[in-house]
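Spelled out from the first residue to the last, the chains are:
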Amino acid sequence: MKYYLIAGEASGDLHAGQLMKALKEHDSAAEFRYFGGDEMQGQGGTLVRHYKDTAYMGFIPVLLHLRQIFQNMDLCKQDIVKWQPDVVILIDYPGFNLSVAEYLKKNTAIPVYYYIAPKIWAWKEHRIKKIRRDVDELFSILPFEIEFFEQKHHYPIHYVGNPSLDEVHEFLTQHPDDPEGFRKEYGLDDRPIIALLAGSRKQEIKDNLPMMAQVALEHAADYQIVLAGAPNIDLSYYHQYINEGQIRILTGCTYRILQHSAAALVTSGTATLETALFRVPQVVCYYTACGKLVSQLRKLFLKVPFVSLVNLITGDEVVPELVADQMNPERLRRELQGILPGGAQRDAQLEGYQRMLSRLGEPGAPDRAAREMIRLLRKE
C-alpha cells in the first residue's frame, strides 16, 4: 500500500521513522512519500519537504513566514492528491496537519489517520470538533488520553503505547554503556556531565538556553556542560547564546549524551520523557517573556496542571517545572542542586520515573500501530 506521512519536527520525524519501519515489516509492498526528516529518509521512500523548512514557533516567526507556510500547505495538499495514497498518516504538528485533514475530507476519499494525537487536552480543546470531523482513526501514545478522548469527548481511539520506550530500548541495545569510549570519541574529560536540552526550535533556544547555561556553568569545576544540539539548528545560532569554550555542543547524538549524563536541564516536550527513560534526573525549563502575565493566562487557558510528559503520565510532580516567571536563576539554581548526585530530590525523582514506566506499559508501540493501521485499511 501507499502511505503518505507528515511530520513537522525532530520528535515527530523519529516516531514516524519507527512507524515506517514497522509498516514495512507487515506490508512488504509498502511505499512511502512524506514531509519529514532524516529518520524517515532512513526508511526509504520520497522526501517532499524537510521539516527544517516548515517548523516555526511563536507568533512573530509564524507571521513572518506565513507565505512560506501556506505554500508548503498547498504543496502538501496537491502532492497528496496527485500521488493518491491509500492513507495519509499525520504525526502531531496540529496547526499544519489539521488543515491538511480538513482539505482531504472535503475534497477526497483518502482516509486520514492521526498517529500521536494533538495535545488538545492541554489547550485548544475546541480542536476536537475538527478531529471528530476530519480524522478517521486516531492512535494515542499517552495513557491519560484514553479518558480524555473516549470518556470526555466520546471519540474512540487506539492506545498503542509509547514509541519512546522502543526508541530508547533499541538505542541501548545497540549502544552498550561505554563512558570511556564516549568521552574519547567526543574529546570529553572525566568529569560527570550536566546535559542541556534546549529544544529544537529557535525561539525555545533563545528563551531558555542563556539561563540554563548560566546556572549549569556554576558547576563547571566539578561537571562538564554538554549541549545536545538539534539537527535542524546551525551551530552559529547556538554561539549567539553560549561560549563553546565553556560548553561543548554535540549535534545529532542526544541519546548518547543522556546515556552518560548525571543530570539534565530540559525544555519541555518529548525530551522530558526521553530523559526520564534514560533515568537522568532533570529540571524542566520553559521561560517565556512577560512571565507573570503568562502565568496568569496559563491558569485560564491551560487545561492540565503540568507541562512535562513525566508529570502528566504519573499525575503528580515528579520533576520540577520552571515555567514562565518560575524560570529564574535563583529557582533553577536550587532545583539543579537538588538533583545532582547527593542532592535531596534525586532519589525521589528516580523513584517517580519507575511509577511513570509502570503506567506507560510495554514497548512495541510502532508495531502495534502498524498492525492496526494495516488491519483497518484492509478491512480485516
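Residues numbered from 1 in each chain as written. Predicted model: local features only at pLDDT ≥ 70, side-chain atom pairs only at ≥ 80, totals over all residues. Heavy atoms only, no water.

Chemist: What am I meant to see in the pattern of salt bridges here?
Modeler: Where side chains of opposite charge bring their charged atoms close, a pairing between them can arise. Under the counting rule described, the total for this entry stands at 17 salt bridges. For Glu 170, the salt bridge goes to Lys 21, with nearest N and O atoms at 3.5 Å. You can see Glu 170 sitting in helix 8 (residues 163-174) and its partner Lys 21 sitting in helix 1 (residues 10-26), a full 149 residues away along the chain. Where Arg 33 meets Asp 79, a salt bridge forms, and the shortest distance between an N and an O atom there is 2.7 Å. Remark: Asp 79 occurs in helix 4 (residues 66-83) and Arg 33 occurs in strand 2 (residues 31-36); sequence separation between them is 46 residues. Sharing partners across several salt bridges, the network here consists of Glu 102, Lys 106, Arg 133 and Asp 134. (Salt bridge = Lys/Arg side-chain N within 4 Å of Asp/Glu carboxyl O. Helix = DSSP H or I, 4+ residues; strand = E, 2+ residues; numbered from the N terminus.)

Chemist: Would you take a moment to explain unusual backbone geometry for this structure?
Modeler: A negative phi angle is the norm for most residues apart from glycine, just as the trans form is the norm for most peptide bonds. We note that Arg 279 has phi near 60°; this positive angle belongs to a residue other than glycine. Position of Arg 279 among the secondary structure elements: in the loop between helix 13 (270-277) and strand 12 (282-286). One non-glycine residue, Ala 324, lies in positive phi territory at about 55°. On the secondary structure map, Ala 324 appears in the loop between strand 13 (321-323) and helix 16 (329-339).

Chemist: How should I be thinking about helix 8 in this particular structure?
Modeler: Residues spaced three or four apart along an α-helix point in a common direction, a consequence of the helix completing one turn every 3.6 residues. With twelve residues, helix 8 extends 17 Å between its outermost C-alpha atoms, agreeing within 8% with the 16 Å of an ideal straight helix rising 1.5 Å per residue. Where helix 8 is concerned, the buried positions are Pro 163, Ser 164, Leu 165, Asp 166, Glu 167, Val 168 and Phe 171. Packing partners of the buried residues in helix 8 comprise helix 1, strand 5 (112-115), helix 12 (254-259), helix 13, helix 17 (346-360) and helix 18 (365-377). The N-cap of helix 8, judged by a side-chain oxygen 2.9 Å from the amide nitrogen of Ser 164 a few residues on, is Asn 162. (Expected span 1.5 Å × (residues − 1). Buried < 20%, exposed > 50% of the residue type's maximum accessible area, 1.4 Å probe, protein only. Contact = heavy atoms within 4.5 Å. Polar contact = N/O pair within 3.5 Å; in protein donor to acceptor, adjacent residues only side chain to side chain.)

Chemist: Teacher, can you tell me more about a negative patch on the surface here?
Modeler: On the surface, Asp 177, Asp 178, Glu 180 and Asp 190 cluster together into a negatively charged patch. Assignment of secondary structure puts Glu 180 in helix 9 (residues 179-186). (Patch = residues over 30% accessible without salt bridge, like charges linked within 9 Å, V, L, I, M, F, W, Y side chains within 5 Å. Areas by Shrake-Rupley, 256 points an atom, 1.4 Å probe, with all protein chains shown as cover. Lys, Arg positive; Asp, Glu negative; His and termini not counted. Charge placed at Lys NZ, Arg CZ, Asp CG, Glu CD.)

Chemist: For this particular structure, what's the right way to read the nonpolar core?
Modeler: Generally speaking, nonpolar side chains in soluble globular proteins are found buried as a group. Residues Tyr 3, Leu 5, Ile 6, Ile 89, Tyr 115 and Phe 149 are the most contacted members of the largest nonpolar core, which totals 96 residues. Residues contacting Ile 6, with those up to four places away along its chain left out, are Phe 35, Cys 76, Ile 80, Val 88, Ile 89, Leu 90, Ile 91, Phe 96, Asn 97 and Val 100. Among the nonpolar cores identified, the runner-up in size contains 31 residues, and Leu 196, Leu 209, Ile 225 and Tyr 237 belong to it. (Core = buried A, V, L, I, M, F, W, Y, C linked by side-chain atoms within 4.5 Å.)

Chemist: Quick question: what am I supposed to make of the sheet that holds strand 5 here?
Modeler: Where strands meet in a sheet, backbone hydrogen bonds hold them as pairs that are either parallel or antiparallel. If you trace the seven strands from one edge of the open sheet to the other, you get 3-2-1-4-5-6-7, paired in parallel fashion. Two strands close off the open sheet at either side, each with one partner strand: strand 3 (46-50) and strand 7 (158-159). Where strand 2 and strand 3 come together, four bridges link them in parallel fashion. In the strand pairing of strand 3, Tyr 34 is matched with Leu 47. (Pairing = 2+ DSSP bridges.)

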